[in-house]
Amino acid sequence: MYGHLFLQKVYYSLGLDQICMKISQDYNFSYDLNEILKTLIYGRILFPASKLSTLKQAQKLLEPPTFELHDLYRALEV
């Protein structure tokens, strides 16, 4: 699936990757906050579903996520 590619431009133009990088540096997370946020945003726009279903659907994307479900749940606290 390539539907998320148009969303990348918006995501990066808003500077969300920089915000995630700053937060991750400040708190020294063991997971990639940027990757998790991208996956949730793209997934919720392209195929709205639960967090688990969003992660499963994201495995079909051109750039599948490398994080685990428990990392996604940890990142939600942030």
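Residues numbered from 1 in each chain as written. Predicted model: local features only at pLDDT ≥ 70, side-chain atom pairs only at ≥ 80, totals over all residues. Heavy atoms only, no water.

A. Examining the overall build of the protein more closely. Looking only at helices and strands, the protein features 5 helices and 0 strands. Tracing the protein from N to C terminus, the helices and strands come up as α-α-α-α-α. For 78 residues, the compact-globule estimate of 2.2 N^0.38 gives 12 Å, and the protein sits close to it at 12 Å. Viewed in the frame of its principal axes, the protein has a C-alpha envelope of about 35 × 30 × 15 Å. (Helix = DSSP H or I, 4+ residues; strand = E, 2+ residues; numbered from the N terminus. Rg over C-alpha atoms; globule rule 2.2 N^0.38 Å.)

B. Expanded view of the environment of Gln 25. Tracing the backbone shows Gln 25 in helix 2 (residues 16–27). For Gln 25, a relative accessible area of 56% puts it in the exposed group. (Buried < 20%, exposed > 50% of the residue type's maximum accessible area, 1.4 Å probe, protein only.)

C. Broad picture of the side chain of Asp 17. Within the secondary structure, Asp 17 is located in helix 2. Buried charged residue Asp 17 carries no salt bridge. Nearest counter-charge: Lys 38, at 8.2 Å. (Lys, Arg positive; Asp, Glu negative; His and termini not counted. Salt bridge = Lys/Arg side-chain N within 4 Å of Asp/Glu carboxyl O.)

D. Representation of the environment of Tyr 31 in the model. By secondary structure assignment, the location of Tyr 31 is in the loop between helix 2 and helix 3 (33–46). For Tyr 31, a relative accessible area of 11% translates into the label buried. In this structure the C-alpha to C-alpha distance between Tyr 31 and His 70, which are 39 residues apart in sequence, comes to 9.9 Å. When sequence neighbours within four positions are dropped, the list of residues in contact with Tyr 31 reads Ile 36, Asp 71, Arg 74, Ala 75 and Val 78. (Contact = heavy atoms within 4.5 Å.)

E. Geometry of helix 5 (residues 69–76). Regarding helix 5, the residues found buried are Asp 71, Leu 72 and Ala 75. End-on view of helix 5: buried residues confined to an arc of 105°, all on one side of the axis. Those residues of helix 5 hidden inside the fold are in contact with helix 3 and helix 4 (51–58). (Arc of directions from axis to C-beta.)

F. Examining the pattern of salt bridges more closely. This structure, assessed with the given rule, holds 2 salt bridges. In this structure, Asp 26 engages Lys 22 in a salt bridge whose closest nitrogen and oxygen atoms are separated by 3.1 Å. With Asp 26 and Lys 22 both in helix 2, this residue pair falls 4 residues apart, about one helical turn. The exposure class of Lys 22 is partly exposed, given its relative accessible area of 47%.

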